[in-house]
Amino acid sequence: MIDDLEKVLEGSGQPGVAELRCCLQELFGGPAASGRLLEQQALQPRAKRVFRLRFAINGQTRSVVIKRLKPEIARRNELVAKRWLPAIGLNESGPPVLGNVADRNGVCVWQVYDDLGQHELDPNQVDRERIRAAVELIARVHTRFAGHALLGEVRLHGGDLGTHFYESNVRDAIRGLEAWRPAAEQNGLRDHLLGRLYQLRDELPRRAQTLAEWQDSETLLHGDLWAINVFVIPAANGLHARLIDWDHAAVGPASYDLSTFLLRFPTEHRLWVLEQYRQTVAAAGWRLPGERELNLLFETHEYARFANRIIWPAIALVMDGAGWGSEALAEIDAWFEEFEPVIPVAAEVTA
């Protein structure tokens, strides 16, 4: 048996800890396995739902990452790792899921992953070989899954991040803000955000048309393609990229992922990263729009995300009078104010 297993998340008050400990014992070889817990580290100190555990098992060090998820999100991650990516020949390119276990009340699922180490992509330390490996994987996921028979299954389990995502978020954000009756000093914030949203609603036909023109690129999306979710790992045959944390996996245009990924890089590097993607998808017969059209697509996706973020503080203000809601809305209003084209305008003009 593994000594100190009872110390995993000891005193944390987390649901499903007993089930998690049993799962870890089984993954490490059952009752015949012997070892002890060496280290426990919270990787998200605020949320307290992702941890790195390091064990000495049968004389060898073994490190895993555990993550507490809603059951439907755990199922989505498992489908990515064991069904969707393998369906396009990318078995070893997703989250390295070792096992799942639900708490007895079905409130959450603990998912256990192999620890990939400290190999996250750092957009501020531009290593072109590592970025190229990452971009090539992203492009392979997008091009190989485009038009795939499993898109319906992905949509069922993950949703749709295309035109419907833009339209529904804008309309729901408008409903929330229209129902809010703020104090006089907050009327300006409410009216300013509503003005932005009314304009986005009026722009829906133009933006939907632009998205429709690139409809052939509807594919499996990671949905949250920040650099911290991209690992590039040295291997015997070169660099090996993996994409983790597919909590927001869905169907939609490839530009949705591309927008998120490019925005993680300093402005001066985005055109080069975009060109790497353009070259890779060209080999699969894709022809990307020009920078002007891409900027409109990227803006549409970003504004849809902004609108989505408005919904929840607006509901909190209407239903609960939550004081944090107006602060959150003021921050989102600043995002609109500060947003600039993803691809620099100067580069767009000279392209």
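Residues numbered from 1 in each chain as written. Predicted model: local features only at pLDDT ≥ 70, side-chain atom pairs only at ≥ 80, totals over all residues. Heavy atoms only, no water.

A. Summary view of the packing of helix α5 (residues 163-179) against helix α10 (residues 291-320). Here α5 crosses α10 at 30°, and the two axes come no closer than 8 Å. Between α5 and α10, the interaxial angle falls into the category roughly parallel. The two elements α5 and α10 cross, and the hand of that crossing is left-handed. Taking contact as the criterion, the partners of F165, Y166, N169, V170, D172, A173, G176, L177 and A179 in α5 are, on α10, T300, A304, R305, A307, N308, I310, I311, A314 and V318. Tallied by class, residues from the contact of α5 with α10 come to twelve nonpolar, four polar and two charged. (Axes fitted to C-alpha atoms, helices over the stretch in contact; angles between N-to-C directions. Helix = DSSP H or I, 4+ residues; strand = E, 2+ residues; numbered from the N terminus. Parallel < 35°, antiparallel > 145°, perpendicular 65-115°, else oblique. Left-handed = near helix turned anticlockwise from the far one by under 90°. Contact = heavy atoms within 4.5 Å. Nonpolar A, V, L, I, M, F, W, Y, C, P; charged D, E, K, R; others polar.)

B. Molecular detail of the nonpolar core. W84, L121, L177, F261, Y277 and I310 are the most contacted members of the largest nonpolar core, which totals 78 residues. Ranked by residues supplied to this core, first place goes to α10 with eleven residues. Look past the residues within four positions of Y277 in its chain and what remains in contact with it is V135, I138, A139, H142, A254, L258, W286 and L288. I2, F28, I57 and W110 belong to the second-largest nonpolar core, a separate cluster that totals 20 residues. (Core = buried A, V, L, I, M, F, W, Y, C linked by side-chain atoms within 4.5 Å. Buried < 20%, exposed > 50% of the residue type's maximum accessible area, 1.4 Å probe, protein only.)

C. Summary view of the sheet that holds strand β3 (residues 50-57). Strand order in the open sheet formed by six strands is β1-β2-β3-β4-β6-β5, and the pairing between neighbours is mixed. Edge positions in the sheet fall to β1 (2-3) and β5 (97-102), since each has one partner strand and no second. By the bridge criterion, eight bridges tie β3 to strand β4 (residues 60-69) in an arrangement that is antiparallel. When the sheet's bridge partners are listed, L53 is paired in β4 with V64. Of the strands in this sheet, β4, β5 and β6 (109-114) are in contact with helix α2 (residues 71-84), which crosses β6 at around 30°. (Pairing = 2+ DSSP bridges.)

D. How the structure looks around the environment of R181. Examined against the element boundaries, R181 turns out to sit in the loop between α5 and α6 (187-202). Through-space distance from the C-alpha of R181 to that of L317 is 8.7 Å; in sequence the pair is 136 residues apart. In this structure the side chain of R181 is engaged in a polar contact, spanning 2.5 Å, whose partner is the backbone oxygen of E178. (Polar contact = N/O pair within 3.5 Å; in protein donor to acceptor, adjacent residues only side chain to side chain.)

E. Broad picture of unusual backbone geometry. Residues other than glycine seldom take positive phi values, yet L9 does so here, at roughly 55°. Take L9: it is sitting in the loop between β1 and α1 (17-27). Among the residues examined, L9 registers a relative accessible area of 4% and is labelled buried. Here the phi dihedral of N58 falls at roughly 50°; this positive angle occurs in a residue that is not glycine.

F. Fine view of the pairing of strand β9 (residues 238-243). With six bridges joining them, strand β8 (residues 230-235) and β9 adopt antiparallel strand pairing. Bridge pairing in β9 places A235 opposite G238. Taken together, β8 and the strand that follows it, β9, pair antiparallel across an intervening segment of two residues.

G. Geometry of a nonpolar patch on the surface. Taken together, the side chains of W312, I315, V318 and M319 make up a nonpolar region of the molecular surface, amounting to roughly 420 Å² of accessible area. Of note, M319 is situated in helix α10. M319 gets classed as exposed once you look at its relative accessible area, which sits at 62%. (Patch = residues over 30% accessible without salt bridge, like charges linked within 9 Å, V, L, I, M, F, W, Y side chains within 5 Å. Areas by Shrake-Rupley, 256 points an atom, 1.4 Å probe, with all protein chains shown as cover. Salt bridge = Lys/Arg side-chain N within 4 Å of Asp/Glu carboxyl O.)

H. Here's a closer look at the environment of I57. Mapped onto the secondary structure, I57 falls in strand β3. If we ignore the near neighbours within four places in the chain, the residues touching I57 are I2, F28, S34, G35 and R62.

I. Broad picture of the pattern of salt bridges. Overall, the coordinates contain 25 salt bridges when judged by the stated rule. Put simply, K67 and D247 hold a salt bridge, and the shortest N to O gap is 3.1 Å. Placement of the pair is K67 in strand β4 and D247 in the loop between β9 and β10 (250-253), with a sequence separation of 180 residues. The residue R196 makes a salt bridge to E337 at a minimum N-O spacing of 2.7 Å. Of this pair, R196 sits in helix α6 while E337 is found in helix α11 (residues 324-338), placing the two residues 141 residues apart along the sequence. Taking the relative accessible area as the measure of exposure, E337 reaches 58% and is therefore exposed. When salt bridges that share partners are traced, they join R49, K67, D245 and D247 into one network.

J. The arrangement of the side chain of R190 in detail. Here R190 shows up in helix α6. The class of R190 is buried, set by a relative accessible area of 15%. A polar side-chain atom of R190 sits 2.8 Å from the main-chain carbonyl oxygen of L177. Once you skip the residues sitting within four places of it in the chain, R190 turns out to touch L177, E178, W180, R181 and P182.

K. Geometry of the packing of helix α8 (residues 254-262) against α10. Here α8 crosses α10 at 80°, and the two axes come no closer than 9 Å. Of the possible angle classes, the one that applies to α8 and α10 is roughly perpendicular. In contact with S255, Y256, L258, S259, T260 and L262 of α8, α10 contributes L297, F298, H301, E302 and R305.

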